[in-house]
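# Notes for the structure review
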Amino acid sequence: MSTLKHVDMYKNDKTVRRYSESFKLKVLNELSQGQCSKAQLAKLYGINSSTINEWIRKYDRKDLMNTRILVENQDEVSRLRALKKEIEQLKELLIRKDMEKLVSDSYLEVAAENLGYKNVEELKKNLNIKP
């Protein structure tokens, strides 16, 4: 004798939760007021912290994302300051070089026009100046 077993093919043990917009905004508002942490709100309402993170991204509330605190020693701070100063100096040098090139190109344009050349490239070609 055989025993038949009934199997429900549509059985799903997971509960799918849908949250209203107003509920999501309420949770984010509570988080922004600082009354509860993300973990406390997740526990209070029975939701995952990752779900709250999704809502933060969805509503573009970057102010509610986790804060990172950078801990540096004095050597690192000094090194960063020196690098920032060097970057500023290099930017100024680059700007100065761009300005010098612009002035030089302008002089060449005026010289080409005054000497009767069609353009600067023709002047450079006749004077054997590399472009």
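Every value quoted in this text rests on a predicted model; they were computed, and no experiment measured them.

So, about the overall build of the chain. A count of helical and extended segments in the chain gives 5 helices and 0 strands. Secondary structure elements of the chain occur, N-terminal to C-terminal, as α-α-α-α-α. Looking at the chain as a whole, 16% of its 131 residues qualify as buried. When contacts within the chain are restricted to residue pairs at least 6 apart in sequence, long-range pairs at least 24 apart make up 40% of them.

On to the confidence of the model for the chain, then. Averaged over every residue, the pLDDT of the chain is 84; residues scoring 70 or more account for 86%. Looking across the chain, the model is least confident in helix H5 (residues 120–126), with a mean pLDDT of 85, and most confident in helix H4 (residues 74–114), with 92.

Our next topic: the layout of surface pockets. Reported here for the largest pocket is a volume of approximately 210 Å³. Contributing to the lining of the largest pocket are Thr15, Arg17, Tyr19, Lys24, Gly46, Ile47, Asn48, Thr51, Glu54 and Trp55. Top contributing element to the lining of the largest pocket by residue count: helix H3 (residues 49–58), with 3 residues. Grouping the amino acids of the lining of the largest pocket by side-chain chemistry returns 3 nonpolar, 4 polar and 3 charged.

Two descriptors summarise a pair of aromatic rings, namely the distance from one centre to the other and the angle between the planes of the rings. Counted by the stated rule, this structure contains 4 aromatic pairs. With a centroid separation of 5.2 Å and 90° between ring planes, the pair formed by Phe23 and Tyr45 is classed as edge-to-face. Here Tyr45 lies in helix H2 (residues 38–45) and Phe23 lies in helix H1 (residues 21–33), a separation of 22 residues in the sequence. Joined through ring pairs, the aromatic side chains of Tyr19, Phe23, Tyr45 and Trp55 make up one cluster.

To continue, consider H3. Turning to H3, its buried residues number three or more, namely Thr51, Ile52, Asn53, Trp55 and Ile56. A positive phi of about 50° marks Asp60, the residue just after H3.

Below, the discussion takes up the pattern of salt bridges. Tallied over the full model, the rule gives 6 salt bridges. With its nearest N and O atoms 3.7 Å apart, the salt bridge here joins Lys24 to Glu21. Placement of both Lys24 and Glu21 in helix H1 is noted, with a separation of 3 residues, approximately one turn of the helix. Note on Glu21: relative accessible area 40%, which makes it partly exposed. With a closest N to O distance of 3.2 Å, Lys58 and Glu21 form a salt bridge. With a gap of 37 residues between them, Lys58 in helix H3 and Glu21 in helix H1 connect regions that are remote in the sequence. The network of salt bridges with shared partners includes Glu21, Lys24 and Lys58.

Along the polypeptide, Ser49 turns up in helix H3. Along the backbone, Ser49 and Ser37 are 12 residues apart, and their C-alpha atoms lie at a distance of 9.9 Å. Ignoring any residue separated from it by four or fewer positions in sequence, one finds Ser49 in contact with Lys38, Ala39 and Ala42.

The rules behind the values
Residues numbered from 1 in each chain as written. Predicted model: local features only at pLDDT ≥ 70, side-chain atom pairs only at ≥ 80, totals over all residues. Heavy atoms only, no water. Helix = DSSP H or I, 4+ residues; strand = E, 2+ residues; numbered from the N terminus. Buried < 20%, exposed > 50% of the residue type's maximum accessible area, 1.4 Å probe, protein only. Contact = heavy atoms within 4.5 Å. pLDDT = per-residue confidence, 0-100. 1 Å grid on protein atoms, 1.4 Å probe; cavity = no way out; pocket = protein on both sides within 12 Å on 5 of 7 lines; lining within 4 Å. Points joined across faces, edges and corners; volume = space filled by probe spheres on them. Nonpolar A, V, L, I, M, F, W, Y, C, P; charged D, E, K, R; others polar. Phe/Tyr/Trp six-rings, centres within 6.5 Å; stacked < 30°, edge-to-face > 60°. Salt bridge = Lys/Arg side-chain N within 4 Å of Asp/Glu carboxyl O.

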